[in-house]
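Working through the structure, step by step
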Amino acid sequence: MSTSTSIVAILYQARWYIASALLASYLAQSFRVYRRLAHVKGPWLAQFSDAWLLGAIYRQRAHHEFYAVNKKYGNLARIGPNTLLTCDVNQVGRMSAPRSPYVRSDWYLGFRLAPGIDNVFSMRDEKAHTKRRAQMNLGYTGKENINFEPQIDIHVLNFVNLIRRKYISTYPEMKVMDLAQKAQYFTIDVITDLATGAPFGDLATDSDQHDYLRTTMEAQPAFVMIGSVPSVNKFIQIPFIGKRLFPTAEDEIGMGKMIGIAQEKVAERFDPVSKLKIEKPDILQSFINHDLTKEETVSESLLLILGGSDTTASAIRATMLCILTSPQAYHSLQAEIDGAVLSSPVVRDDEARKLVYLQAVILEGLRMHPPTGGLLSKVTPPEGDTIDGIFVPGGKDVFGPDVDCFRPERWLNVSEAKYADMARVVDMTFGSGRFKCLGRTIAWIELNKIFVEFLRNFDWAVVDPTNPWKSANLGIIVHREFYIRVTNRGARK
């Protein structure tokens, strides 16, 4: 009998001892993990395994389940062996504050748009993140003579004209419009215009150009699940593996097509001849002026498109549903718009900001239905931290806040201090501190304009109030089949 055969025979005879030893090791490790945060209550399964968290994400209702967990177990609850959930807005602000010892978790690696290549959202290195934000901030905020309004106005008008052209209902004929789809057409046209100077043209054609929206919607569930499993996430970031899984510029549709367009537009700016033809300042040129490399500029322009389209579209849909299911809010907002002296054909941003009830509606819509629903988890400092009187050992994830009901009047007739305090909480929709969304300025301009033009020009009704839409949490709260009946106010008068 050979030596190798003898070893196999010995291992076979000892198989139950080996299996028992491995099981005992696993149980001991699980018990150590459990005990480390045993003083924090949460769902039973979450004490030992990430299965509860992955189940919540898989069911695409994680934000509802997170809310229920905090309601049941308190401001700080355990949703995984090493993952805690908080709804304490002060704690969230403290974690994100400048010089806070909290850092981003590896959950953010799932937002790399190419294997191994970071953008400002996926960066975990604090120094690199701070530098990149400084390079991009002026472009995002429009402080370098970049005027976003004329470009946004074009797409607001395109939206209004599309409704007039194809979706006005007149008795007895009813034309149903899917506001979930059209809102996304609007935001993708705006953001591709601002990011690359080449709008997709979804509103003009009333179609999903390049199948971008369809393909990204189909891919999102898988990416959200992968991003929630750090070991898998790190595996696909290996370049030779990621290149076979991530979309590429050679793709004819979807995200790959978007990558190709971004690369083409960025290449024009870096070409010594073509760049002389750039006559107007824009976000892309601002990135380049502040020393982003060609590769970095492509990555950041793609992030701008992804982050700036889905989130704003979600806010538009959700706030419109709130308006349409609250008659008092609907009529109060429409009366304020009708009674104001506003520019035409599109309201100016500074005019919209002076409409008190409009601002209350937008803030309350964001408060009730924040567009983002992902973990956005941070890692506690090595020395640990105390949250709500509970000590949290170093190296654990913590998640941010949640919200509940819709009532715009809560923003009226309150003290400046109270208003500012509430606005601070709602503004966490866009993150806070050193993690605040750079595209916040652009989103607010879109929201300020679109609701005014919606209610100034049209009357709206949900087709099926018992089932207004289909909603899912894919890291961002997305909606489908939000069917609306629109009538022309001018025709009624």
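Residues numbered from 1 in each chain as written. Predicted model: local features only at pLDDT ≥ 70, side-chain atom pairs only at ≥ 80, totals over all residues. Heavy atoms only, no water.

Okay, helix α19 (residues 416–426) next. Taken as a whole, α19 has its buried residues at Met-422, Ala-423 and Val-426. The buried residues of α19 occupy an angular sector of 100 degrees when the element is viewed end-on, so they sit on one face. Tucked into the core, α19 has its buried residues touching α18 (356–368). (Buried < 20%, exposed > 50% of the residue type's maximum accessible area, 1.4 Å probe, protein only. Helix = DSSP H or I, 4+ residues; strand = E, 2+ residues; numbered from the N terminus. Arc of directions from axis to C-beta. Contact = heavy atoms within 4.5 Å.)

Here the focus is the nonpolar core. In this structure, Met-320, Phe-454 and Trp-460 are the most contacted members of the largest nonpolar core, which totals 93 residues. Looking at this core element by element, the count peaks at 14 residues for helix α15 (residues 294–324). (Core = buried A, V, L, I, M, F, W, Y, C linked by side-chain atoms within 4.5 Å.)

A few words now on the layout of surface pockets. Roughly 380 Å³ of internal volume is contained in the second largest pocket. Leu-113, Ala-114, Ile-117, Ile-259 and Gln-263 are the residues nearest the centre of the second largest pocket, which is lined by 17 residues in total. When residues of the lining of the second largest pocket are traced back to their parent elements, those giving at least two are α12 (239–245), α13 (254–270) and α15. Looking at the lining of the second largest pocket element by element, the count peaks at 5 residues for α15. (1 Å grid on protein atoms, 1.4 Å probe; cavity = no way out; pocket = protein on both sides within 12 Å on 5 of 7 lines; lining within 4 Å. Points joined across faces, edges and corners; volume = space filled by probe spheres on them.)

We now examine unusual backbone geometry. What you tend to see is this: most non-glycine residues have negative phi, and most peptide bonds are trans. A cis geometry characterises the amide bond from Tyr-171 onward to Pro-172, with omega recorded as 5 degrees. With omega at 10 degrees, the peptide bond leading from Ser-344 into Pro-345 counts as cis. One can find Pro-345 in the loop between α16 (327–339) and α17 (349–353). A positive phi angle, near 55 degrees, is found at Asp-211, a position not held by glycine. As for its position among the elements, Asp-211 is in the loop between α9 (202–205) and α10 (212–227). You can call Asp-211 partly exposed: its relative accessible area is 29%. In this structure, Asp-291 is a non-glycine residue whose phi angle is positive, near 75 degrees. Summarising the element assignment, Asp-291 is placed in the loop between α14 (283–289) and α15.

Take the pairing of strand β11 (residues 477–480) next. In this sheet, β11 lies alongside strand β10 (residues 470–473) in antiparallel orientation, the contact comprising 4 bridges. Within β11, the residue paired with Lys-470 across the bridge is Arg-480. Between β10 and the antiparallel strand that follows it, β11, lie 3 residues; Gly-475 among them carries a positive phi value of about 90 degrees. (Pairing = 2+ DSSP bridges.)

In the structure shown here, the tally under the stated rule is 24 salt bridges. Notably, a salt bridge pairs Asp-153 with Lys-449, separated by 2.8 Å at the nearest N-O pair. Of this pair, Asp-153 sits in helix α7 (residues 149–166) while Lys-449 sits in helix α20 (residues 440–457), and the two are 296 residues apart along the sequence. Of the two residues examined, Asp-153 and Lys-449, each falls in the buried class. Linking Arg-489 and Asp-338 is a salt bridge whose minimum nitrogen-to-oxygen distance equals 2.8 Å. With Arg-489 in helix α21 (residues 489–492) and Asp-338 in helix α16, this residue pair connects regions lying 151 residues apart in the sequence. Residue classification places Asp-338 among the partly exposed residues on the basis of a relative accessible area of 40%. (Salt bridge = Lys/Arg side-chain N within 4 Å of Asp/Glu carboxyl O.)

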